Amino acid sequence: MLSLEDNFTKLQNRIKNACNNASISSNSVQLIAVSKRHSVEKIKTLYSLGQRHFAENYLQEALEKQAALSQLDISWHFIGHIQRNKTRALAEHFDWVHSVDRIQIARRLSEQRPSSMPELNICLQVNIDSEPSKSGFAAEELPEAFGKVNELAGLSVRGLMAIPSATADADQQLASMQKMQALFRALDGPTSFDTLSMGMSRDLEIAVQAGATMLRVGEALFGPRPNP
Ligand SMILES: *Cc1c(COP(=O)(O)O)cnc(C)c1O
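Now for a quick tour of the structure. Just so you know, these numbers come straight off a predicted model, no measurement behind them.

Rules of the game
- Residues numbered from 1 in each chain as written.
- Predicted model: local features only at pLDDT ≥ 70, side-chain atom pairs only at ≥ 80, totals over all residues.
- Heavy atoms only, no water.
- Near = heavy atom within 4 Å.
- Polar contact = N/O pair within 3.5 Å; in protein donor to acceptor, adjacent residues only side chain to side chain.
- Areas by Shrake-Rupley, 256 points an atom, 1.4 Å probe, with all protein chains shown as cover.
- Helix = DSSP H or I, 4+ residues; strand = E, 2+ residues; numbered from the N terminus.
- Buried < 20%, exposed > 50% of the residue type's maximum accessible area, 1.4 Å probe, protein only.
- Salt bridge = Lys/Arg side-chain N within 4 Å of Asp/Glu carboxyl O.
- Phe/Tyr/Trp six-rings, centres within 6.5 Å; stacked < 30°, edge-to-face > 60°.
- Lys NZ or Arg CZ within 6 Å of the ring centre and 35° of its normal.
- Pairing = 2+ DSSP bridges.
- Right-handed = clockwise from strand over helix to strand, strands pointing away.

## Some details on the site of the ligand
Here's step 1: Taken together, Val34, Lys36, Asn57, Ile79, Ile163, Met200, Ser201, Arg216, Val217, Gly218, Glu219 and Arg225 form the complete shell of residues around the ligand.
Here's step 2: Ser201 is positioned with one of its side-chain polar atoms (N or O) 2.5 Å from an oxygen atom of the ligand.
Here's step 3: Within the backbone of Glu219, one N or O atom sits 2.7 Å away from an oxygen atom of the ligand.
Here's step 4: For the ligand, whose free accessible area comes to 390 Å², the fraction covered by protein is 91%.

## Quick word on the side chain of Glu56
Here's step 1: Among the secondary structure elements, Glu56 is positioned in strand E2 (residues 53-56).
Here's step 2: Residue classification places Glu56 among the buried positions, given a relative accessible area of 0%.
Here's step 3: At a separation of 2.6 Å, a polar atom in the side chain of Glu56 contacts the side chain of Ser35.

## Looking at the pattern of salt bridges
Here's step 1: Taken as a whole and judged by the stated rule, the model has nine salt bridges.
Here's step 2: One salt bridge in this structure joins Glu205 and Arg14, with 2.8 Å as the shortest N-O distance. Residue Glu205 is located in helix H8 (residues 204-209), and its partner Arg14 is located in helix H1 (residues 4-21); the two are separated by 191 residues in the primary sequence.
Here's step 3: Across the salt bridge formed by Glu131 and Lys134, the nearest N and O atoms sit 2.7 Å from each other.

## Some words on the packing of aromatic side chains
Here's step 1: Evaluation of the coordinates by the stated rule reveals four aromatic pairs.
Here's step 2: When the centroid spacing of 5.1 Å and the interplanar angle of 35 degrees are considered together, the rings of Phe184 and Phe193 count as tilted.
Here's step 3: We classify Phe193 as buried; its relative accessible area is 9%.
Here's step 4: By the ring-pair criterion, three or more aromatic residues cluster together here, those being Phe146, Phe184 and Phe193.
Here's step 5: One cation-aromatic arrangement involves Arg52 over Tyr47; the distance from NZ or CZ to the ring centre is 3.6 Å.

## Considering the side chain of Asn127
Here's step 1: As for its position among the elements, Asn127 is in the loop between strand E5 (120-126) and helix H6 (142-150).
Here's step 2: Polar side-chain contacts of Asn127 include one of 2.8 Å to the backbone oxygen of Glu131.
Here's step 3: A polar contact is formed between the side chain of Asn127 and the backbone oxygen of Lys134, at a distance of 2.9 Å.

## Considerations on the pairing of strand E4 (residues 96-100)
Here's step 1: Within E4, five of the five residues are buried, which leaves the element mostly enclosed by the surrounding structure.
Here's step 2: Where strand E3 (residues 75-78) lies against E4, two bridges are found, and the strand directions are parallel. From the neighbouring strand, His77 faces E4, where its bridge partner is Trp96.
Here's step 3: Running through helix H4 (residues 87-93), the crossover from E3 to the neighbouring parallel element E4 is right-handed.
Here's step 4: Taken together, the three bridges between E4 and E5 define a ladder with parallel strand orientation. For Val100, the partnering residue across the bridge sits in E5 and is Leu124.

This is the structure in structure tokens:
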């Protein structure tokens, strides 16, 4: 099995090649290391190699890791499904929340973000392939939701996030991601509205081609996730 360091180098090369093929600067794409179910030790290793952005899906697990790693200058991203009663902890402990999937959640994050902290960066999650199993705004709901969320204090609405369907069909993946790009462009946001969060281990090249600015990569970096 390859070491974490080898995986990291390989992944960085994959991203660089994808950017070259899409004729975009690799500075415009940010790697978010999805560390769910992986150890604090592995996060430390990646940190020592220069990685600063980490994403978690499960609140309790994330809070424990944050406590253990409080000396490190990590940007913490939350990408999991959000339960209503978990918003306060998210507002108090994260730099980014990608998975805002209803107005009520944005309102709570806004009210609960401590005024002593910088604005919480959020993305609106879009259910781009209209899958019943996934949460997120429908494409048609987006303009109105965006307008409402944009007015909330304590939040900086940075962009859109999607988890396209797990199809093996590259054309279909590209079509979904291009739809995201079109939705993103259609929203008339401030200059800070600059983030398209999509692309995972299996489809990051396609995501880069479709204009992703944040890639959320777990398995290609850490290897298979241990069972809970
Ligand atoms: C787990 C997860 C990822 C990472 O997926 P990999 O296939 O391991 O790269 C990205 N985004 C979300 C929302 C996830 O839950």
